[in-house]
Amino acid sequence: MTTHDIELTVNETEVELTVDSRTLLVHALREDLDYTGPKVGCESSKCGACTVELDGDAVKSCTVLAVQADGASVRTVEGFADGDDLHPIQQQFSAEHGLQCGYCTPGMVTTTKHLLESNPDPTREEIRTALKGNICRCTGYQNVVNAVESAAAALAAGEGESAPDDVELQTDYPTPGED
Amino acid sequence: MFPPHFDYHRASSIDDALDVLERHRDDDPRILAGGHSLLPDLKNGRASPDVLVDIGEIDGLRGIESGVDVESDTDHGTGQTAIGALTTYADVLESDHLERHAPVLTDATRVLADLQIRNRGTVGGNLTAAEPGADLPAAALAADATIHVRGPDGERTIDAGEFLGADGSESALGERELVTEIRVPPSPTGGYAKKTHPASGYAMVGVAAVLEIDTETIADARVAATGVLEHAVRLTAVEDALVGERVDEAIETAAERAGETIDPADARSDDHASGEFRVHLLSTYAAQALERAMEVDA
Amino acid sequence: MTGPRKGENESEDEAGGIAGPARREDEALLTGRAEYTDDLRDPDAAHLAFVRSEYGHAEIEGIDATAAAELEGVLGVYTWDDVAASESPGVLPSSTGSLDCEVPAHPVLARDRVRYQGQPIAAVVAENRYRARDAVDAVAVDYDPLEAVVDSVEATAEGAPTLFDGAPDNVAATTDQGDREATEDAFDDPENVVDIELENNRLISSALEPRAALAEYDAAEDRFTVTMTSQSPHGHRQKLAHTLGLSERQIRVISPSVGGGFGHKGHHHPGEAMAAWCARDLERPVKWTATRSENYLEGAHGRDHRTTAELAIDDDGAIRGLRVETHANVGGYGLDGGASMPGWYGGLLSSQYRIPAIHCETHAVFTNTAPVHSYRGAGRPEAIYVTERLVDVAARELGIDPVEFRRRNLIEPDQFPYETPVGASYDSGDYERGLEEALELADYDDLRARGRDRDDGRLRGVGVACYTESTGGGFESGVVRVHRDGGVTVSAGTHSHGQGHETTYANLVADVLEIPTDDIDVMEGDSDSIPTGTGTFGSRSTIVGGSAIVESAEAVLAKARRFAADRLEVEPDAVAYGDGEFSVRDGAESGSGSSADTVSFADVAGMAYGWGVPEDMDPGLEETTFYEPDGTAYTFGTHVAVVAIDPETGELELERYVAVDDCGERLEPTIVEGQVHGGVAQGIGQAVSERASYDGDGTLLTNSLDSYAVPRASHLPEIETGQTVTPSPRNPLGVKGIGEAGTIAAPPAVVNAVVDALAHLGVRHVDMPLTDEAIWRAIRDSK
Ligand SMILES: Cc1cc2nc3c(=O)[nH]c(=O)nc-3n(C[C@H](O)[C@H](O)[C@H](O)COP(=O)(O)OP(=O)(O)OC[C@H]3O[C@@H](n4cnc5c(N)ncnc54)[C@H](O)[C@@H]3O)c2cc1C
Ligand code: FES
Ligand code: FES
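These numbers were taken from a predicted model, which means no experiment stands behind them.

Colleague: How would you explain the overall build of chain A if you had to name every residue and give the values?
Modeller: Counting its regular elements, chain A contains five helices and five strands. For chain A, the α and β elements follow one another from N to C terminus as β-β-α-β-β-β-α-α-α-α. Residues classed as buried in chain A amount to 69% of the 179 residues present. Counting only contacts in chain A whose residues sit at least 6 apart along the sequence, the fraction spanning at least 24 positions is 53%. Summed over all atoms, the accessible surface of chain A reaches about 5800 Å², with 39% contributed by carbon and sulfur.

Encoded structure:
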């Protein structure tokens, strides 16, 4: 067995740690560095709960060795909010009730960010295809797709701004607080 | 679901990688590229090498160049496109050049796995792992790709069919050989049609097609399938039925012959699709692939 | 019911239409701050992993753990002998009392025989989870494989291998529901009888968070704290007490954030029990987290029924009787109530129809498969599927439109409460209204008029399924505790795992107490600080937990009013209350001039805990209610699926999916919709892609997400929803549960649609899952 001293930049903070060759990035993040935002749902690259940004790309951190990431920068869902202000994608997941148990959510949010960076105005079908690597067992994806759509609109309208009125949403139920 | 122990080396260059492979020749060394076939194998106990040689940081192995040898940066004047072994699927999809000159690869990559995996998996890894339902093996056969490798005995070029064991034989890649690039001759046509497995996301059946068209007549055709057998395979009956025919007339009858050369008893089978069903699907997906190939040409 | 609310949820109009956070729990979940069991860091924790049976059925000849025990970092390797030598019984609870046979319950580690693949044989504890897996690999088990049986019908045949000596025919229990004789009479005219044989496919709940537990043992107190992913903390406390041989007071179960449950996280498995057992043995915290494949191997799985059913109809198309016989696969052991569950599954067989006579005979059968227990719906999807398929087949055979046939047989609004022959007492409903609403949303008449063929060569079909769902059984506790400063802590014995209780409960209490939701905390998931409760399953939390909380809140308000009356120097019924302030009701006689005009809720709280409370009043402002509803609330609705099928490839597209549900009052419409979406997605999963399958040796073929097809976003249609509202008279909120509706209605709606598309070819039924191949074969075999 070999161990390796590695350096990572996680959510803009540089950290050094020692890992076994076989340690998966997701375990290094969660257990050694206490970034438990990325979840383990299958440890086999099928569910997307462990999705993080690695050097700007969304990847499944259960299928990357920690030592492979030596020198890389990682962003977990903990690094999305700006202080107390949620990232617009996070805001829209909440506003559209795009999460129930929340276990898939860190991965969903991260994948969504990557999708919207390369395709700022995706169709609902494109959203569904882009989320192929992220399983949600709670929401039936309906409100997840709504959330991604709204997030696209919110981002287009300017960081953190509200969704413009012309976002076409499938549902028009009131938010709690109204009758 | 947890990898066993191994030693890890990060190679700084191709020579370094070959050197480490050589030094650890008795430790069942394995090359690590994107890791999206190898790490699952390690976790499942399907592979247990003592040494991994990570080639992921060798910049010279990445990139798509036209008519240029990626590694030596020299023009080999064949008009071929060279794809570095470490080129990711995401890189492939960003290449306009590939879309124009080898659309079959772009088309297959578009439906390969998912967004996250496309950021990580590599063309070289895909063809080397050559998993039964992988998409690129069929595309590489249809594209008439050649695989360039370096090993203890120097450089050599392997034809995709041989490399992929498309006739059912072992892959021609030798021990401690490293794939450096994949070259594809220019072809303006090409299409890929995939029936995605509902659980694994790999191809239940995938068909890749490249046509050479000479004023309305099919001069040459390369059609290959994945997902059906343990290895990708050329659908020679379809190819034969296409060559010499008029483009607008041949597809349907040719595609019908897609299953002819494969015995359903040899085909892969699981809970979602039996061998018989996979062979049945071949015709439909062959027809779709051919239609896509022509669309691109138009 | 719900009035306007104060507090955070009013952000609606700020900043031009940002919809405020839909739920209070969202922010923690979205930022990664929420903690699930495996997220908890305990630097001292050791890790538990299991050696599991490779075989479906085998004798264990020997276990060699020497190599594993010698590995560096391995703290202990345990087998059944170690458990047997301890003070714990080491067997999981089982409702064998209600079975027809005497069979052993599930041991935490196999004694000498394994009865399903994946059954735990040995437990290994090591310094970290990787090491624990190394040790698992190093344990050598010597098996003597036995012949296996995995199918519930085959298991009852002559000569089938048997699992238990106490059940020589593998039958755990045979149960009757309804009236056999009356039903036989209804079938006296064999002319008008329609039958069907069908399978309800075995499913795996597939919550995204795997099972996990972190157990600590306090030797000085002889007390355990088990933090685990549970939808029923008090239920798990009770079960752990059984397995470990303890009193419930010696165990504290904490359930933090839970990543989905769907029934599975209410069941008790060896993992959490052995984590606790090892923690005591090693005097160290022990953590256990299952892998995805372990979750799949170990179960509990859901469904797995094989059924034959017949419907008797008279010449006018009125249903006369329904006769059902089911073999329910319960797996290798009776896990808790899993083996007795088939005995009551028939309770919903009447669906929405007037069926004068019903009889259902169910055989619960042991096989060499993972134990089967409740999975979202738990018996209700199985029952409705039988009736809704049969009704569809009958309509077709009578030449009546399936919708028209249903209409003729619906229970009428004035027939409630309606007693079915299988013991269900439907509380309220307007079934026809729900049906018509769904048909209108789906444009049913138009779909019918357009017919089956379109110019793209695909075959269209429309499927309708009506359903009823029994919701809200058992009792629940609800506490409303007002603090000295007027802040409120609400707690309940339920446990949210995605249902948004924090939001629902806070809003319920805010409505009653008329204080901002920001002043209210909601607490669930700690058996020490919450009175005994039942848990979250069976679509019960809002009905039972919500009602308990509201009752407590109302009692708190009544008491607060009396304090206020004292301060205002009037009689309590002269006190008005609004917006957090008590005042003297208009026109009421006010007290002496010295008293205040108003007194706030917070002031009253201060009074309740102040020195010297008014005479004839007890100090404190806190109420606990143990609430049990007056009876079951029956949710109902109609779902419509529209499909297109490629006859060449069998490829199925769900072009539309319409769900109209009536769950009484909707307290949180957003959350209700979310529950419908999720249920429908799981129901569609069952209908089109999910099936846990075993080979003849008892090897699970679908042991990972590579082979078990959980629906992904691209596999599902847009889910269109509608509603009708028929309040339940059986609880004060008028609510009915909604958690399982989609899993009940979607399978028959989708199968009915597919059969509709293929009926002209002579296809009468296709078993789920409707994979492309299954559809292709149905078409081919019909030719
Ligand atoms: C969940 C999931 C879904 C997937 N779905 C699909 C799909 O739909 N279609 C599809 O085609 N693929 C799919 N894949 C496979 C994926 O594309 C892999 O990335 C690919 O097969 C291997 O590429 P890699 O770079 O990750 O290789 P690695 O895993 O690093 O290596 C694979 C093998 O090739 C060897 N190797 C790698 N590079 C070289 C080289 N340059 N020279 C010599 N040997 C080398 C390695 O030693 C190893 O044996 C999926 C994978 C996962 C995890
Ligand atoms: S945990 Fe990484 S994809 Fe599931
Ligand atoms: S919200 Fe539970 S898995 Fe997506």
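Colleague: Just give me the short version of the interface of chain A and chain B, but keep the residues and values in it.
Modeller: Listed per partner, the contact involves 35 residues of chain A and 31 residues of chain B. Of the roughly 2600 Å² buried at the junction of chain A and chain B (both faces included), carbon and sulfur atoms supply 57%. There are one salt bridge connecting chain A and chain B. In this structure, Lys60(A) and Asp114(B) form a salt bridge, with 2.6 Å as the shortest nitrogen-oxygen distance. Where chain A touches chain B, the interface holds 17 residue pairs in polar contact (both at pLDDT 80 or more). Listed by contribution, the elements that provide at least two residues to the side of chain A that touches chain B are strand 3 (51-54), strand 4 (57-60) and helix 3 (105-118) of chain A.

Colleague: Break down the nonpolar core for me, citing the residues and quoting the values.
Modeller: In terms of nonpolar packing, the biggest core is built from 160 residues, with Phe93(A), Phe366(C) and Tyr657(C) touching the most fellow members. Residue contributions to this core peak at twelve residues, all from helix 17 (residues 741-758) of chain C. Setting aside anything within four residues of it in sequence, one finds Phe93(A) in contact with Gly98(A), Leu99(A), Thr105(A), Met108(A), Val109(A), Thr112(A), Val144(A), Ala147(A), Val148(A) and Leu30(C). Counting residues in hydrophobic clusters, the runner-up holds 46 residues, among them Ala492(C), Val512(C), Val550(C) and Ala560(C).

Colleague: Describe in detail helix 11 (residues 431-442) of chain C, supporting the description with residues and values.
Modeller: All names here are of chain C. Between its first and last C-alpha, helix 11 extends 17 Å over twelve residues, near the 16 Å set by a 1.5 Å rise per residue. Buried within helix 11 we find Tyr431, Gly434, Leu435, Ala438, Leu439 and Ala442. Burial along helix 11 is one-sided: seen end-on, the buried residues are contained in an arc of 130°. Residue Asp443 follows helix 11 closely and has a positive phi angle near 60°.

Colleague: Requested: an account of the site of ligand 1, with residues and values cited.
Modeller: In the vicinity of ligand 1, 32 residues are found, and the nearest of them are Ile31(B), His36(B), Tyr89(B), Thr122(B) and Asp135(B). The environment of ligand 1 is shared, with nearby residues belonging to chains A and B. Within the side chain of Tyr202(B), one N or O atom sits 3.0 Å away from a nitrogen atom of ligand 1. Protein coverage of the free-state accessible area of ligand 1, which is 960 Å², stands at 96%. Of all the elements in the fold, those that place two or more residues in the shell around ligand 1 are strand 2 (30-32), helix 7 (123-129) and strand 8 (178-184) of chain B. Looking at the shell around ligand 1 residue by residue, the class counts come to 15 nonpolar, eleven polar and six charged.

Colleague: Go over the sheet that holds strand 26 (residues 633-645) of chain C, please, and point to the residues and values.
Modeller: Residue and element names in this part refer to chain C. Taken in spatial order, the four strands make up an open sheet running 18-26-27-28, and their pairing is mixed. The sheet terminates laterally at strand 18 (459-471) and strand 28 (719-723), the two strands that pair on one side only. This sheet shows a mean twist of 15° between the axes of neighbouring strands, independent of strand direction. Both strand 26 and strand 27 (residues 652-662) contribute to a ladder of ten bridges, which runs antiparallel.

Colleague: Which residues make up the packing of aromatic side chains, and what values go with them?
Modeller: Any pair of aromatic rings gets described here by the distance separating the centres and the angle formed by the planes. All names here are of chain C. Counted by the stated rule, this structure contains 18 aromatic pairs over all chains. Consider the rings of Tyr116 and Tyr333, whose centres lie 6.2 Å apart with planes at 80°: the pair is edge-to-face. One end of the pair, Tyr116, is in the loop between strand 4 (113-114) and strand 5 (120-126); the other, Tyr333, is in the loop between strand 14 (319-331) and strand 15 (357-366), with 217 residues separating them in the sequence. Between Phe416 and Tyr431, the aromatic rings sit 5.3 Å apart at their centres with planes inclined by 85°, giving edge-to-face as the arrangement. Of this pair, Phe416 sits in the loop between helix 10 (402-409) and strand 16 (418-419) while Tyr431 sits in helix 11, placing them 15 residues apart in sequence. Both residues of the pair, Phe416 and Tyr431, belong to the buried class. An aromatic cluster of at least three residues, connected via ring pairs, comprises Phe416, Tyr418, Tyr426, Tyr431, Tyr634 and Phe636. Over the ring of Trp80 we find Arg111, and its NZ or CZ is 4.8 Å from the ring centre. Sitting above the plane of the Phe187 ring, Arg323 keeps its charged end 4.1 Å from the centroid.

Colleague: I'd like to hear about the environment of Ser61(A), residue by residue, with values.
Modeller: Residue and element names in this part refer to chain A. Here Ser61 lies in the loop between strand 4 and strand 5 (73-75). A residue is classified by how much of its surface remains accessible, and Ser61, at 0% relative accessible area, is buried. In this structure the C-alpha to C-alpha distance between Ser61 and Gln92, which are 31 residues apart in sequence, comes to 24 Å. Ignoring anything within four residues of it in the chain, the contact list for Ser61 reads Leu24, Leu25, Val26, Pro38, Cys50 and Val52.

Colleague: Go over the confidence of the model for chain A with me, naming the residues and quoting the values.
Modeller: For chain A, per-residue confidence averages 89 on the pLDDT scale, and residues scoring 70 or more make up 88% of the total. A low-confidence stretch, residues 160-179 of chain A stays under pLDDT 50, and its non-local contacts, those more than four residues away or across chains, total 45 contacts.

Colleague: Just give me the short version of the domain arrangement of chain A, but keep the residues and values in it.
Modeller: Residue and element names in this part refer to chain A. Taken domain by domain, chain A comprises domain 1 (3-79) and domain 2 (88-156). The centre of domain 1, based on its C-alpha atoms, is set 22 Å off from the matching centre of domain 2. Opposite the 17 residues of domain 1 that make contact, domain 2 presents twelve residues. Carbon and sulfur atoms make up 54% of the surface buried where domain 1 meets domain 2, a total of about 1100 Å² over both sides. When residues of domain 1 are sorted by the area they lose upon contact with domain 2, Lys39, Thr51 and Val77 head the list and together hold 34% of the total.

Colleague: I'd love a proper account of empty space enclosed by the protein, names of residues and values included.
Modeller: Considering all chains together, one arrives at six cavities of 30 Å³ or more under this definition. When its volume is computed, the largest cavity comes out at roughly 160 Å³. Looking at the largest cavity, it is lined by 18 residues, and the ones nearest its centre are Phe2(B), Asp38(C), Arg129(C), Thr289(C) and Ala290(C). Contributions of two or more residues to the lining of the largest cavity are made by helix 1 (25-32) of chain A together with strand 1 (46-52), helix 4 (129-138) and strand 12 (286-289) of chain C. Here the lining of the largest cavity is composed, by residue class, of eight nonpolar, four polar and six charged.

Colleague: Tell me about the pairing of strand 11 (residues 251-254) of chain C, and please be specific about residues and values.
Modeller: All names here are of chain C. Because side chains alternate across strand 11, one face comprises the buried residues Ile251 and Val253, and the other comprises Arg252 and Ile254, none of which is buried. Sheet topology note: the strand 10 (residues 223-228)/strand 11 ladder contains four bridges and is parallel. Bridge pairing links Thr227 to Ile254 in strand 11. Each parallel crossover has a hand, and for strand 10 linked through helix 6 (residues 233-244) to strand 11 it is right-handed.

Colleague: Describe the interface of chain A and chain C, listing the residues and the values that go with them.
Modeller: With 57 residues of chain A at the contact, the number on the chain C side is 69 residues. For the pair chain A and chain C, the number of links is ten salt bridges. Note that Arg129(C) is salt-bridged to Glu31(A), the shortest N-O span being 2.3 Å. Inspection of the region where chain A meets chain C yields 34 residue pairs in polar contact (both at pLDDT 80 or more). Looking at the side of chain A that touches chain C, the elements that each hand over two or more residues are helix 1, helix 2 (88-95), helix 3, helix 4 (124-130) and helix 5 (142-156) of chain A. No other element matches helix 2 of chain A, which puts four residues into the side of chain A that touches chain C. Broken down by class, the residue content of the side of chain A that touches chain C amounts to 22 nonpolar, 21 polar and 14 charged.

Here is what the cut-offs are and how they apply
- Residues numbered from 1 in each chain as written.
- Chains lettered and ligands numbered in written order.
- Predicted model: local features only at pLDDT ≥ 70, side-chain atom pairs only at ≥ 80, totals over all residues.
- Heavy atoms only, no water.
- Helix = DSSP H or I, 4+ residues; strand = E, 2+ residues; numbered from the N terminus.
- Buried < 20%, exposed > 50% of the residue type's maximum accessible area, 1.4 Å probe, protein only.
- Contact = heavy atoms within 4.5 Å.
- Areas by Shrake-Rupley, 256 points an atom, 1.4 Å probe, with all protein chains shown as cover.
- Buried area = accessible area lost by both parts, 1.4 Å probe.
- Salt bridge = Lys/Arg side-chain N within 4 Å of Asp/Glu carboxyl O.
- Polar contact = N/O pair within 3.5 Å; in protein donor to acceptor, adjacent residues only side chain to side chain.
- Core = buried A, V, L, I, M, F, W, Y, C linked by side-chain atoms within 4.5 Å.
- Expected span 1.5 Å × (residues − 1).
- Arc of directions from axis to C-beta.
- Near = heavy atom within 4 Å.
- Nonpolar A, V, L, I, M, F, W, Y, C, P; charged D, E, K, R; others polar.
- Pairing = 2+ DSSP bridges.
- Axes fitted to C-alpha atoms, helices over the stretch in contact; angles between N-to-C directions.
- Phe/Tyr/Trp six-rings, centres within 6.5 Å; stacked < 30°, edge-to-face > 60°.
- Lys NZ or Arg CZ within 6 Å of the ring centre and 35° of its normal.
- pLDDT = per-residue confidence, 0-100.
- Domains from an automatic or database assignment.
- 1 Å grid on protein atoms, 1.4 Å probe; cavity = no way out; pocket = protein on both sides within 12 Å on 5 of 7 lines; lining within 4 Å.
- Points joined across faces, edges and corners; volume = space filled by probe spheres on them.
- Right-handed = clockwise from strand over helix to strand, strands pointing away.

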